[in-house]
Amino acid sequence: RKPRIERKDLFYVPHGINENEFYPIGEDHAEYHDLQNYKAELLGDHVDAEMIFTFNSRNIRRKMVADALLAYRIFCDNLPKAEKCLFMLHTDPVDPNGTDLPAVVNALCPNYKVGFSSAKIDSRVLNYFYNISDCGINTSSAEGFGLSCMETIMSGTPGIVNTTGGLQDQCGFLKDG
């Protein structure tokens, strides 16, 4: 017979993020110059963006990238200076298990800045990607943990997430009662 545990708070952390790989990079950090060079290279003509949203995940249906693009458009529609915003997506623009994101951008956001980064990058450069962001976005409808969301948070960047699976756990949403 198993012993019964009375009202104990139990915590389980299924993933860990290496704080030596994902961390904030401020102006006084040794890598700040490298970060600025990466930003200029990645953003190109959009380097003047004052508000940068990022998405880092696979372009598949459950990640709901088109929904994130629609939300970005609605956000920009209500701004007086929407031309200063940029949504950078680190994903394959076209995936057989997802959608044709350039076509979605053309349909939903023809007047707003959206960029793509699809090259494979190491964790150092991925940390730069998160650090150039003002806000990371994960709109997945089914997320077991949400690794890119946690990496974004470890890099000192806030996130916008659905209350789904591991994403709600990372945000500390608790059920009452």
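Residues numbered from 1 in each chain as written. Predicted model: local features only at pLDDT ≥ 70, side-chain atom pairs only at ≥ 80, totals over all residues. Heavy atoms only, no water.

(A) Structural context of the packing of helix H1 (residues 32-43) against helix H4 (residues 123-131). The contact between H1 and H4 brings their axes to 10 Å, and the two run at 75°. Viewed along their axes, H1 and H4 adopt a mutual orientation that is roughly perpendicular. Across from Asp34, Leu35, Tyr38 and Leu42 in H1, the residues of H4 making contact are Val125, Tyr128, Phe129 and Asn131. Within the contact of H1 with H4, the residues separate by chemical class into six nonpolar, one polar and one charged. (Axes fitted to C-alpha atoms, helices over the stretch in contact; angles between N-to-C directions. Helix = DSSP H or I, 4+ residues; strand = E, 2+ residues; numbered from the N terminus. Parallel < 35°, antiparallel > 145°, perpendicular 65-115°, else oblique. Contact = heavy atoms within 4.5 Å. Nonpolar A, V, L, I, M, F, W, Y, C, P; charged D, E, K, R; others polar.)

(B) Quick peek at helix H2 (residues 65-77). Along its 13 residues, H2 runs 18 Å from first to last C-alpha, staying within 8% of the 18 Å computed at 1.5 Å per residue. Within the sequence span of H2, burial applies to Val65, Ala68, Leu69, Tyr72 and Cys76. The arc that holds every buried residue of H2, seen down its axis, measures 100°, which confines them to one face. (Expected span 1.5 Å × (residues − 1). Buried < 20%, exposed > 50% of the residue type's maximum accessible area, 1.4 Å probe, protein only. Arc of directions from axis to C-beta.)

(C) Region of interest: the pattern of salt bridges. Counted under the stated rule, the structure contains five salt bridges. Here Asp48 ties to Lys84 by a salt bridge, and the two come within 4.0 Å at their closest N and O atoms. One end of the pair, Asp48, is in the loop between H1 and strand S1 (51-56); the other, Lys84, is in the loop between H2 and strand S2 (85-90), with 36 residues separating them in the sequence. In this structure Lys84 comes out as partly exposed when scored by relative accessible area, which is 25%. The partner of Glu50 in a salt bridge is Lys84, and the shortest N-O contact between them spans 3.9 Å. (Salt bridge = Lys/Arg side-chain N within 4 Å of Asp/Glu carboxyl O.)

(D) Highlighting the packing of aromatic side chains. Following the criterion strictly, the structure yields seven aromatic pairs and no others. A centroid spacing of 5.9 Å and a plane angle of 55° characterise the contact between Phe22 and Tyr130, whose relative ring orientation is tilted. Taken together, the residues Phe22 in the segment before H1 and Tyr130 in helix H4 connect sequence positions 108 residues apart. Taken as a pair, Phe22 and Tyr130 share a single burial class, namely buried. Following the ring pairs from residue to residue traces out a cluster consisting of Phe53, Tyr72, Phe75, Phe87 and Tyr112. (Phe/Tyr/Trp six-rings, centres within 6.5 Å; stacked < 30°, edge-to-face > 60°.)

(E) Summary view of the pairing of strand S4 (residues 135-138). What you see with S4 is no split at all: Cys135 and Ile137 on one side and Gly136 and Asn138 on the other are buried throughout. Here two bridges tie S1 to S4, and the two strands are oriented parallel to one another. Counted as the bridge partner of Thr54 is Gly136 from S4. Relative to strand S5 (residues 159-161), S4 is paired through three bridges, and the arrangement is parallel. Considered in S5, the bridge of Asn138 is made with Val161. (Pairing = 2+ DSSP bridges.)

(F) Here's a closer look at the sheet that holds S5. The sheet built from five strands is open, its strands ordered S3-S2-S1-S4-S5 with parallel pairing. Two strands bound the open sheet, and with one partner strand each, they are strand S3 (113-117) and S5. The mean angle between the axes of side-by-side strands here comes to 25°, regardless of whether they run parallel or antiparallel. By the bridge criterion, six bridges tie S1 to S2 in an arrangement that is parallel. In the sheet register, Phe53 faces S2, and the bridge partner there is Phe87.

(G) Geometry of the side chain of Asp95. Considering the arrangement of structural elements, one finds Asp95 in the loop between S2 and helix H3 (101-108). According to the relative accessible area criterion, Asp95 is buried, its value standing at 8%. A polar contact is formed between the side chain of Asp95 and the side chain of Arg58, at a distance of 3.4 Å. A polar atom in the side chain of Asp95 sits 2.7 Å from the backbone nitrogen of Asn97. Those residues in contact with Asp95, other than ones at most four positions away along the chain, are Arg58 and Asn59. (Polar contact = N/O pair within 3.5 Å; in protein donor to acceptor, adjacent residues only side chain to side chain.)

Everything listed here is a matter of geometry and, on its own, says nothing about what the molecule does.
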